[in-house]
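# Structural overview
Residue strings, one per chain:
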Amino acid sequence: MISFGMTDIGRKRKVNQDYLFYSDEPVGCFPNLYIVADGMGGHKAGDKASSCAVNRFVKLAGKEKNEMPFLVMERLLKEVNREIYELSCGDVRYSGMGTTFVAATVVDNKAYVMNVGDSRLYYFDGTLRQVTMDHSLVEELVRAGELDRTESRNHPQKNIITKAVGVDPEITPDFFMVEMEENSRLSLCSDGLTNMVEDSLVREILNTGKTEEEQVQRCIEEALFYGGLDNIAVVIARYERRR
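Residues numbered from 1 in each chain as written. Predicted model: local features only at pLDDT ≥ 70, side-chain atom pairs only at ≥ 80, totals over all residues. Heavy atoms only, no water.

### Observations regarding the pattern of salt bridges
- Per the stated rule, a full pass over the model turns up 12 salt bridges.
- Taking the shortest distance from any N to any O, the salt bridge between E79 and R82 comes out at 2.5 Å. Highlighted residues: E79 and R82, both in helix α2 (residues 69-90), separated by three residues, approximately one helical turn.
- The structure contains a network of salt bridges with shared partners spanning R185, E212, R238 and E240. (Salt bridge = Lys/Arg side-chain N within 4 Å of Asp/Glu carboxyl O. Helix = DSSP H or I, 4+ residues; strand = E, 2+ residues; numbered from the N terminus.)

### So, the packing of aromatic side chains
- In total, this model carries five aromatic pairs according to the counting rule given.
- Where F4 meets Y22, the ring centres are 6.0 Å apart and the plane angle is 55°; that geometry is what we call tilted. With F4 in strand β1 (residues 2-8) and Y22 in strand β2 (residues 18-23), the pair connects residues that are 18 residues apart, well separated along the chain.
- Judged by relative accessible area, F4 falls into the buried class, the value being 17%.
- On the accessibility criterion, Y22 (30% relative accessible area) is partly exposed.
- Aromatic rings pair up to connect F70, Y112 and F175 into one cluster. (Phe/Tyr/Trp six-rings, centres within 6.5 Å; stacked < 30°, edge-to-face > 60°. Buried < 20%, exposed > 50% of the residue type's maximum accessible area, 1.4 Å probe, protein only.)

### Focus on unusual backbone geometry
- Residue D108 is not a glycine yet carries a positive backbone phi of 55°.
- Mapped onto the elements, D108 comes out in the loop between β5 (101-107) and β6 (110-116).
- Not every positive phi belongs to a glycine, and N183 is a case in point at roughly 70°.
- Among the secondary structure elements, N183 is positioned in the loop between β9 (174-179) and β10 (185-189).
- Taking the relative accessible area as the measure of exposure, N183 reaches 37% and is therefore partly exposed.

### Observations regarding the side chain of T99
- Within the element layout of this structure, T99 appears in strand β4 (residues 98-99).
- A distance of 3.3 Å separates a polar side-chain atom of T99 from the backbone oxygen of D38.
- In this structure T99 touches A37, D38, G39, M40, A49, S50, A53, A164 and V165, once residues within four positions along its chain are discounted. (Polar contact = N/O pair within 3.5 Å; in protein donor to acceptor, adjacent residues only side chain to side chain. Contact = heavy atoms within 4.5 Å.)

### Re the pairing of strand β3 (residues 33-40)
- Judged by how many residues are buried, β3 sits mostly within the fold: seven of eight residues are covered.
- Pairing of β2 with β3 involves six bridges; the strand directions are antiparallel. Looking at the pairing, F21 lines up with I35 of β3.
- Bridge count for β3 against β5 is three bridges, and the pairing is antiparallel. Directly across from Y34, in β5, lies its bridge partner A104.
- In this sheet, β4 lies alongside β3 in antiparallel orientation, the contact comprising two bridges. Following the sheet pairing, G39 is matched in β4 by T99. (Pairing = 2+ DSSP bridges.)

### Observations concerning helix α6 (residues 199-206)
- Regarding α6, the residues found buried are L201, V202, I205 and L206. Looking straight down α6, one finds its buried side chains confined to an arc of 140°; they lie on one side.
- Looking at the buried residues of α6, the elements they touch are β7 (120-124), β8 (128-130), β10, α5 (191-194), α7 (212-225) and β11 (232-238). (Arc of directions from axis to C-beta.)

### What to know about the packing of α6 against α7
- Interhelical geometry of α6 versus α7 gives an angle of 155° and a closest axis separation of 9 Å. Overall, the two elements α6 and α7 adopt an arrangement that is roughly antiparallel. α6 and α7 meet at a crossing whose hand is right-handed. Residues L201, E204, I205 and L206 of α6 touch α7, and the partners they reach there are Q215, R218, C219 and E222.
- Across the contact of α6 with α7, the residue classes tally to four nonpolar, one polar and three charged. (Axes fitted to C-alpha atoms, helices over the stretch in contact; angles between N-to-C directions. Parallel < 35°, antiparallel > 145°, perpendicular 65-115°, else oblique. Left-handed = near helix turned anticlockwise from the far one by under 90°. Nonpolar A, V, L, I, M, F, W, Y, C, P; charged D, E, K, R; others polar.)

What follows is the structure, encoded as structure tokens:
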């Protein structure tokens, strides 16, 4: 795997509540690890929630032995969720905080993906496919057939999420598995990208043949160009078979 990640505060926010991690080297039992989190809450709370969730997950992962990726990912996220929930209940500065969380690891040629909230993971192999499903009010309306997909992008309640890490004492993430093709890519991102930049443009960027760093930088530049209304976080990881 070859990856790069970057986060930007955007043009309107005073605090960057997005946080990310990426490693092409082993982290505990994971041969590689990629995470994007988008915090929510007050001035300090959202920043604290996302950074705490990512850093604690990575620290706990570093102590893990070999086991099925999904089992480890779920167990670690449940522990992280409990810690953030207890912190939010015990400190008025962090009351009501929470964070989205999307993570992936690639084992052999399979990507194991976990998500909570509306930060997304896309798979690119020449075409772009959204793998995760948003835990949001608008997405639930789309699935129920009450809202057209094309109308959902600019819906006034688009930012209302229905599930987040640290909000409730228990959490149930969604899981997905993707078979990777040579030179295919995973793109993890916060809604600061997806709300600003159309999927068609992201596909165009991933299809340029540029380096992962150049592609990430271009994604952020486009999000800023189209308004930069929120914090932006992007991680792009390219799959290469071991020689």
